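Residue strings, one per chain:
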Amino acid sequence: MEREVYLDNAAATPVRKEVLEAMLPYFDKYYANPSTMYKPGLEVKKVLDEQRAKVADLIGASPEEIVFTSSGAEANNLAVKGIPFAHRKKGNHIIISAIEHHSVLNSARFFERLDYEVTFLQVDEFGFVNPRRVEELIRQETVLVSIMHANNEIGTIQPIQEIAEVCKSKGVFFHTDAVATVGNIPVDVNELGVDLLSISGIPLGAPKGTGALYFRKGTRIMPLIHGGIQESGRRAGTENVPGIVGLGKAAELAKQDVEEWSNKVKALRDRLIYGVLERIERTRITGHPEKRLPAHASFCVEAIEGEALIYMLSSQGIYANTGSACASKALKTSPVLVAIGVPPDIAQGSVVFTLGRSNSMEDVDYVLEKLPHVVERLRAMSPLWKQEAA
Amino acid sequence: MYSDKVMEHFSSPKNVGVIEDADGIGEVGNPVCGDMMTFYIKVKDGKIEDIKYKTFGCVAAIAVSSKVSEMAKGMTLEEAKSLSKKAVAEELGGLPKEKMHCSNLGAEALAKAIQDYEEKKLGKPPAPEKEELHEHPCCCTHCGVENPETAKFCMECGERLD
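Right, let's walk through the structure included here. (Residues numbered from 1 in each chain as written. Chains lettered and ligands numbered in written order. Predicted model: local features only at pLDDT ≥ 70, side-chain atom pairs only at ≥ 80, totals over all residues. Heavy atoms only, no water.)

Scanning the entire structure with this criterion turns up ten aromatic pairs over all chains. Note on F110 of chain A and F111 of chain A: the rings are 5.5 Å apart at their centroids and 80° apart in plane angle, and the pair reads as edge-to-face. With a relative accessible area of 0%, F111 of chain A lands in the buried category. Between the aromatic rings of Y311 of chain A and F10 of chain B, the centroid separation amounts to 6.3 Å while the plane-to-plane angle is 80°, which identifies the pairing as edge-to-face. Here F10 of chain B lies in helix α1 (residues 4-11) and Y311 of chain A lies in helix α10 (residues 306-315), a pairing that spans two chains. (Phe/Tyr/Trp six-rings, centres within 6.5 Å; stacked < 30°, edge-to-face > 60°. Buried < 20%, exposed > 50% of the residue type's maximum accessible area, 1.4 Å probe, protein only. Helix = DSSP H or I, 4+ residues; strand = E, 2+ residues; numbered from the N terminus.)

In this section: unusual backbone geometry. One can expect most non-glycine residues to show negative phi and most peptide bonds to be in trans. All names here are of chain A. In this model, D115 sits at a positive phi of 65°, which is unusual for a non-glycine residue. With respect to the helices and strands, D115 occurs in the loop between α5 (102-112) and β4 (117-121). In this structure D115 comes out as exposed when scored by relative accessible area, which is 61%. Of note, S232 is a non-glycine position whose phi angle comes to about 55°, a positive value.

Let us look at the pairing of strand β8 (residues 211-215) of chain A. Residue and element names in this part refer to chain A. Counting buried positions along β8 gives five out of five residues, so the element sits mostly inside the fold. Residues G211, L213 and F215 of β8 are buried on one face, and the alternating residues A212 and Y214, pointing to the opposite face, are buried as well. Across four bridges, the pairing between strand β2 (residues 66-69) and β8 is antiparallel. Paired with T69 across the bridge in β8 is G211. Pairing of strand β7 (residues 196-200) with β8 involves five bridges; the strand directions are antiparallel. Along β8, the bridge assignment pairs L197 with Y214. (Pairing = 2+ DSSP bridges.)

Moving on, we come to the pattern of salt bridges. Residue and element names in this part refer to chain A. This structure, assessed with the given rule, holds 36 salt bridges over all chains. Residue R52 is joined to E231 by a salt bridge in which the shortest nitrogen-to-oxygen separation is 2.7 Å. Of this pair, R52 sits in helix α3 (residues 39-58) while E231 sits in the loop between β8 and α9 (241-279), and the two are 179 residues apart along the sequence. Judged by its relative accessible area of 7%, E231 is buried. The shortest N-O distance in the salt bridge between E302 and R284 comes to 3.6 Å. You can see E302 sitting in the loop between β10 (296-301) and α10 and its partner R284 sitting in strand β9 (residues 283-285), a full 18 residues away along the chain. (Salt bridge = Lys/Arg side-chain N within 4 Å of Asp/Glu carboxyl O.)

Remember, this is a structural readout, not a statement about activity or role.
In structure tokens, the structure reads:
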């Protein structure tokens, strides 16, 4: 292979060097359980508190407003299940958007079986939620609104501030899944005005199996993992100390460089987006062209199928993702692409590139060189391409 | 996920193309499902002399098309008609479970092309449309997990089973 270009940074990232270094002593040197009373335990407890402060600092929160979790998915579960469970007396209505991550979507669906009512809010062609619509849908029994900050498949960044204002004025808890944004753009919980916010370690260059939930001081939440009183009783289980140290270090680094990186990677993204649109006919961008994640480029290429495209790109050393039905194992058209009105046959040609810190302009140029050939090869094989060209 | 044989056929598919003066054409699938195949055959002395196809679909769909074209070339029509999905999958060193039904359409497309040939060239009356076997979606379309026939929601992920 001439080159290897990894462009699936939404799925996994390399752990940042400084992060890995920070973690290592916590596997074998500082291994004591932070819930213990003796010196080594107390030392580890102190380190845990420092990490909590770093994660809080990244998003403008206070340390006591952070619960460490095992992933972004767990943070979403804790918010979307923990709030309705704790506030059952208030009501049994939940509002989420139709394009939420499965960890939010399926948590909400779980409540449908518990006699809660869930409203799936539709989005426009770019994937935007209309804050006015949220206002109309909130009722007396609504306990939670959960709208993701940015969508992982189409990259669109939601008007979270406006939605938060609506929820605040109506006295309803508002959660945002910020897994795709924290680490990619500056995020501040007070600017956004959210009550709960989910974080994953992955976009930050922290290891897999790390995450956190921010919840505004005074927010009552039901734990999902019962047991000891770790995380102030909000999540039992001995803490993943090395992972948390990694998340803390990654948060500290992101605080310093996320804005700079965000601006830098945008140039790569735009070169990729406009390069693809220019070189490959009958290809559309999915999501909003500007109000999108700085490292996210997503397309639908007509007359070909995404899984075949991903495998063929892989043989060229380009590693990307797709929302194609065939690739999903579920064999179902991506609900996100359906929600933004992409016809199901065109949604099959979905391809998603997410840039990371290791990517360069040369990487983008390599994709721009190879992708048109791969598309051409698949189109030459496709009965749809012939039919439509005729 | 895929066998080496599947990847081989996907990477260098055999017999791709169109036969302009085909004796029979068979089309199955549709783009909304994600898989669509059109097979073209040339028949001589009761045998498949030449075979080509165009395929829109995933890795499995492309590999299946290639394998079917390879297997069918030189077969008598009767032999080709009895080509089964299972035989094709076996020749490919197996297919992932969730790809067995929707991507393994090659044998079906070939059978349709033969039927088309028999109707056109031999004046055989069109075969009665087969009742489509409608299976209960006991496999969740979201996560692929099998559920009891009566299940309304997937036990694994909570997806509604229509």
